[in-house]
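Residues per chain are reported as follows:
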Amino acid sequence: MWTVVYMAQSKEVADNMQDLLSKEGILVKLRPINKNRETSDDYYEVLVPESEVEEAHSVIIEKGY
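Reading the values: the criteria
- Residues numbered from 1 in each chain as written.
- Predicted model: local features only at pLDDT ≥ 70, side-chain atom pairs only at ≥ 80, totals over all residues.
- Heavy atoms only, no water.
- Core = buried A, V, L, I, M, F, W, Y, C linked by side-chain atoms within 4.5 Å.
- Buried < 20%, exposed > 50% of the residue type's maximum accessible area, 1.4 Å probe, protein only.
- Helix = DSSP H or I, 4+ residues; strand = E, 2+ residues; numbered from the N terminus.
- Contact = heavy atoms within 4.5 Å.
- Pairing = 2+ DSSP bridges.
- Axes fitted to C-alpha atoms, helices over the stretch in contact; angles between N-to-C directions.

- Looking up the chain in an unreviewed UniProt entry gives the name Glutamate decarboxylase, with the organism given as Acetivibrio saccincola.

Next up, the structure:
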């Protein structure tokens, strides 16, 4: 099961978070939440497998997000 570990306020932030977690060997999936019609202004859920949630949170905190 995939679990949300971060809510990004733009596609750019979501992509950066995906890159960060992927470099740490964590599987990552992005899911847009359509708030605005402009896709660059959408919010994105950053999801990881349930078994990797703790590791993902540690990486996010360590990097200061």
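Back to the write-up after that little detour.
### Observations concerning the nonpolar core
At step 1: Formed by 16 residues in total, the largest nonpolar core has its most connected members in Val5, Leu21, Ile26, Val28, Val46 and Val48.
At step 2: Elements with a contribution of two residues or more to this core: strand E1 (2-8), helix H1 (11-23), strand E3 (43-49) and helix H2 (53-62).
At step 3: Sequence-distant contacts of valine 28, that is, excluding residues within four places in its chain, are made with Trp2, Gln18, Leu21, Ser22, Val46, Leu47 and Val48.

### What to know about the sheet that holds strand E2 (residues 29-33)
At step 1: Taking strand neighbours across the sheet as the criterion, the 3 strands line up as E1-E3-E2 in an open arrangement whose pairing is antiparallel. Two strands in the sheet have a free side with no partner beyond their single neighbour: E1 and E2. Mean inter-strand twist for the sheet, computed between neighbouring axes without regard to direction, equals 30°.
At step 2: Examined bridge by bridge, E2 and E3 share 5 bridges and lie antiparallel to one another. Each bridged residue has a counterpart across the sheet, and for arginine 31 the counterpart in E3 is glutamate 45.
At step 3: Taken strand by strand, H2 contacts E1 and E3, and its axis lies near 15° from that of E1.

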